Amino acid sequence: MSEEETKVEAATEATASDDSTTKEAAPKKKGKKWPIVVGVVVVVLIAAGAGFWVWHEQPSFCSAICHTPMDPYLTTYEQEAGQPGVDKWGNEVANSSSMMAVVHKDQGEDCLSCHVPTLSEQMSEGMNWVTGNYVYPLEERDTEMLTEARGIEDDAFCLNESCHNLTREDLQKATADMEFNPHVAQHGEIACSECHKAHRASVMYCTQCHSEAEVPEGWLTVAEANKLSAA
């Protein structure tokens, strides 16, 4: 065999050896795919979590998942402002705008604009729902109950920079033309929730003693409200 033929044969054998080595080494590359798989899973979980959190902010979430007793409350929230409607008990309401849930919805607010639960409250409510340890229909909550876990004063629930940036004095002036000014604390300060109801017609507290007191459109007197709540 000539020297040239020997070189060609050696080169061929070397190429074949390289191909064989490459084929044997190729399967090892499969192990490098796991970071991609993990990355895809993480992205999917993040997207799902973000989507769930967005839904968590919507009123529909309140009755769809953890808050079975919230169905009647969602119904009151979804009603058109200024129209006849029903309250959380199914009673007729002459003007749905007498319910603060409807008014707030009409202004672009949602459930979490007022109901701002702490993490501990959410965990407690979740456990109560899983175990069935809840009352139906739900007990009406006043501003003291709604703020107890947040360390703020009752007034701060409504009178704050994000909601109603007013003081008690401002409120007195706003209703100064009423014969019985409901915002004058002549009998001591009254919590906002005594008059302003979210999921039922608001109540004119002054009618408890003054039957002739002016009652805003769609609102109820104390006597009328007591009949409904006792029904």
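Reading guide: rules and limits
Residues numbered from 1 in each chain as written. Predicted model: local features only at pLDDT ≥ 70, side-chain atom pairs only at ≥ 80, totals over all residues. Heavy atoms only, no water. UniProt positions renumbered as here; feature names shortened; annotations may be inferred. Helix = DSSP H or I, 4+ residues; strand = E, 2+ residues; numbered from the N terminus. Buried < 20%, exposed > 50% of the residue type's maximum accessible area, 1.4 Å probe, protein only. Areas by Shrake-Rupley, 256 points an atom, 1.4 Å probe, with all protein chains shown as cover. Salt bridge = Lys/Arg side-chain N within 4 Å of Asp/Glu carboxyl O. Expected span 1.5 Å × (residues − 1). Patch = residues over 30% accessible without salt bridge, like charges linked within 9 Å, V, L, I, M, F, W, Y side chains within 5 Å. Lys, Arg positive; Asp, Glu negative; His and termini not counted. Charge placed at Lys NZ, Arg CZ, Asp CG, Glu CD. Core = buried A, V, L, I, M, F, W, Y, C linked by side-chain atoms within 4.5 Å. Contact = heavy atoms within 4.5 Å. Polar contact = N/O pair within 3.5 Å; in protein donor to acceptor, adjacent residues only side chain to side chain.

The chain has the name Salivary glue protein Sgs-3 in an unreviewed UniProt entry, where Eggerthella sinensis is given as its organism. As stated in UniProt under Subcellular location (unreviewed entry), the record for the chain gives "Cell envelope".

Chemist: Looking at this structure, I do not really get the overall build of the chain. What am I missing?
Modeler: A count of helices and strands for the chain gives ten helices and four strands. Of the regular secondary structure in the chain, the N- to C-terminal order runs α-α-α-α-β-β-α-α-α-α-α-β-β-α. Within the chain, buried positions represent 26% of all 231 residues. Total accessible area computed for the chain in this model is approximately 15600 Å², and 57% of it derives from carbon and sulfur atoms.

Chemist: Is there a simple way to explain the pattern of salt bridges in this structure?
Modeler: Here the idea is simple: oppositely charged side chains can pair when their charged atoms come close. Under the defined criterion, the tally for this structure stands at four salt bridges. For K88, the salt bridge goes to E140, with nearest N and O atoms at 3.2 Å. Of this pair, K88 sits in the loop between β1 (85–86) and β2 (92–93) while E140 is found in the loop between α7 (119–131) and α8 (143–147), placing the two residues 52 residues apart along the sequence. You can call K88 buried: its relative accessible area is 11%. Under the relative-accessibility criterion, E140 is labelled partly exposed at 33%.

Chemist: Which parts of the structure should I look at to understand α7?
Modeler: Because each turn of an α-helix spans 3.6 residues, side chains separated by three or four positions end up pointing in the same direction. The terminal C-alpha atoms of α7 lie 18 Å apart, and with 13 residues this matches the ideal 18 Å at 1.5 Å per residue to within 8%. Taken from the residues just after α7, G132 is the one with a positive phi, measuring 75°.

Chemist: What am I meant to see in a negative patch on the surface here?
Modeler: A cluster of acidic residues, E139, D142, E144 and E194, forms a negative patch at the surface. Within the element layout of this structure, D142 appears in the loop between α7 and α8. On the accessibility criterion, D142 (30% relative accessible area) is partly exposed.

Chemist: What is the right way to look at the nonpolar core in this model?
Modeler: The nonpolar side chains of a soluble globular protein tend to be buried with one another. The biggest cluster of nonpolar side chains holds eight residues, and these are V93, M99, V102, A201, V203, L220, V222 and A225. Excluding residues that lie within four positions of it along the chain, V203 makes contacts with E194, C195, K197, W219, L220, T221, V222 and A225. Grouped together as the second largest cluster of nonpolar side chains are seven residues, C195, M204, C206 and W219 included.

Chemist: Would you take a moment to explain a nonpolar patch on the surface for this structure?
Modeler: Residues I36, V40 and V44 make up a contiguous nonpolar surface patch of about 280 Å² in total accessible area. Within the secondary structure, V44 is located in helix α2 (residues 34–56).

Chemist: What am I meant to see in the side chain of R200 here?
Modeler: By secondary structure assignment, the location of R200 is in the loop between α9 (168–174) and β3 (203–204). For R200, a relative accessible area of 11% gives the class buried. Only 2.6 Å separates the side chain of R200 from the side chain of E140, close enough to count as a polar contact. Here R200 is in contact with D87, K88, W89, S98, M99, E140 and A225, once residues within four sequence places are set aside.

Chemist: Whenever I open this one, the side chain of S96 confuses me. Can you help?
Modeler: Mapping S96 onto the fold places it in the loop between β2 and α5 (100–106). Of the polar contacts made by the side chain of S96, one reaches the backbone oxygen of E80; its length is 2.5 Å. Each residue touching S96, except ones within four places of it in the same chain, is listed here: E80, A81, G82, Q83 and V102.

Chemist: How should I be thinking about the environment of V86 in this particular structure?
Modeler: You can see V86 is positioned in strand β1. Take V86: its relative accessible area is 28%, and that puts it in the partly exposed class. Those residues in contact with V86, other than ones at most four positions away along the chain, are T76, Q79, N91, E92, V93 and M99.

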